[in-house]
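# Per-entry structural report
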Amino acid sequence: MPLAIDRDQKIVFAHRTNFVGKPTGPSTASWDYKGEEHVIVRPDDGQPAKTWQVKCKECGKSLEFTVHGVAATRRRQARWRAIAWTGLAVLIAAVAGCFVIGGAALAVLIPAAIIGSATGYYVGGIASDEMGIRGHGAGMPIVAKHSVTLVESRPAEFEELVCEKCGHEEPYRWGSHLRKGFAERQYREAKARLDAHTCRPK
Ligand SMILES: [Zn+2]
Ligand SMILES: [Zn+2]
């Protein structure tokens, strides 16, 4: 799912607070980030990328990021996707070649298949992470000291569920990374909980 790119881009800029990843499973680690929201205004289409400066509240470091406009970011996403698809095409052609040609050609075809699939896999990941904000490892598939994460603006169909009488808010999960049916069910269930709740006394 490509990220939602807005001209007034809401992001969370965060500082990683643990040096060594905490093990959360046999081969995964989790990282704690502490951050705050910022709004980055992207340059107009046709304008060159601009620099966004931020001072980290955690470590006091000043950092600079390169920010691309909306159209330029979409082009970057499309370019990464094209490279990923090329990798996939190389993989398919190489695997097909292994069966059709075989023999001595395998020495070339097998590495080509590996390179093709690796390109498709990694570049595909970069394509879906491309947010047009670059620097200090932002948008790259690495664990960086500082991170920039896009904050989606809430679409109209996923309104905030707040009780008008007591101000109680019923939270639920929504977002473009969730399957639409799943998010809609979360919304309906949360709405039912809100309708059934007992108002807190003021
Ligand atoms: Zn920092
Ligand atoms: Zn209420």
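The preceding data block contains the structure.
Residues numbered from 1 in each chain as written. Chains lettered and ligands numbered in written order. Predicted model: local features only at pLDDT ≥ 70, side-chain atom pairs only at ≥ 80, totals over all residues. Heavy atoms only, no water.

It is worth spelling out the coordination of the zinc ion (ligand 1) at this point. Protein ligation of the zinc ion (ligand 1) involves H15 (ND1), C56 (SG), C59 (SG) and H146 (NE2), the donor distances falling in the range 1.9 to 2.3 Å. In this structure, the zinc ion (ligand 1) is surrounded by four donor atoms whose angles at the metal cover 101 to 117°, and the resulting shape is tetrahedral. Along the chain, the residues donating to the zinc ion (ligand 1) fall in the pattern H-x40-C-x2-C-x86-H. Of this pair, H15 sits in strand 1 (residues 8-16) while C59 sits in the loop between strand 5 (50-55) and strand 6 (62-67); the two residues are 44 residues apart in sequence, bridging distant segments of the chain. For H15, a relative accessible area of 8% corresponds to the buried category. (Donors = N, O, S within 2.8 Å, 3.2 Å for Na, K, Ca; no water. Tetrahedral: all angles 85-135°; square planar, octahedral: opposite > 155°, others 65-115°. Helix = DSSP H or I, 4+ residues; strand = E, 2+ residues; numbered from the N terminus. Buried < 20%, exposed > 50% of the residue type's maximum accessible area, 1.4 Å probe, protein only.)

Now for a nonpolar patch on the surface. A contiguous nonpolar patch, built from V95, F99, V100 and I101 and spanning about 480 Å² of accessible area, is present on the exposed surface. Here I101 shows up in the loop between helix 1 (70-100) and helix 2 (106-129). (Patch = residues over 30% accessible without salt bridge, like charges linked within 9 Å, V, L, I, M, F, W, Y side chains within 5 Å. Areas by Shrake-Rupley, 256 points an atom, 1.4 Å probe, with all protein chains shown as cover. Salt bridge = Lys/Arg side-chain N within 4 Å of Asp/Glu carboxyl O.)

What follows deals with helix 2. Taking 1.5 Å per residue as the helical rise, helix 2 with its 24 residues ought to reach 34 Å, and the 34 Å between its terminal C-alpha atoms agrees with that figure. Of all the positions in helix 2, only L109, A113, G116, G120, V123, I126 and A127 are classed as buried. The secondary structure elements touched by the buried residues of helix 2 are helix 1 and strand 7 (133-134). (Expected span 1.5 Å × (residues − 1). Contact = heavy atoms within 4.5 Å.)

This part covers the sheet that holds strand 7. Consider a sheet: its strands pair through backbone hydrogen bonds, and that pairing is either parallel or antiparallel. One open sheet accounts for three strands, arranged 5-6-7; its pairing is antiparallel. What marks the edges here is a single partner per strand, and that holds for strand 5 and strand 7. (Pairing = 2+ DSSP bridges.)

As for its position among the elements, E164 is in the loop between strand 8 (146-150) and helix 3 (180-196). Separated by 35 residues in sequence, E164 and C199 place their C-alpha atoms 9.8 Å apart.

Protein coordination of the zinc ion (ligand 2) is provided by C163 (SG), C166 (SG), H197 (NE2) and C199 (SG), with donor distances spanning 2.2 to 2.4 Å. Classification of the site at the zinc ion (ligand 2) as tetrahedral follows from its four donor atoms and the range of 106 to 115° in their angles at the metal. Counting along the primary sequence, the residues that act as donors to the zinc ion (ligand 2) give the motif C-x2-C-x30-H-x1-C. On the criterion of sequence distance, the pair formed by C166 in the loop between strand 8 and helix 3 and H197 in the segment after helix 3 is long-range, its members being 31 residues apart. Assessed through its relative accessible area of 21%, H197 is described here as partly exposed.

With that settled, the discussion passes to the side chain of Q9. Tracing the sequence through the fold places Q9 in strand 1. A distance of 2.9 Å separates a polar atom in the side chain of Q9 from the backbone nitrogen of D6. The contacts of Q9, once residues within four sequence positions are left out, are A4, H38, V39, I40, R42, I133 and L150. (Polar contact = N/O pair within 3.5 Å; in protein donor to acceptor, adjacent residues only side chain to side chain.)

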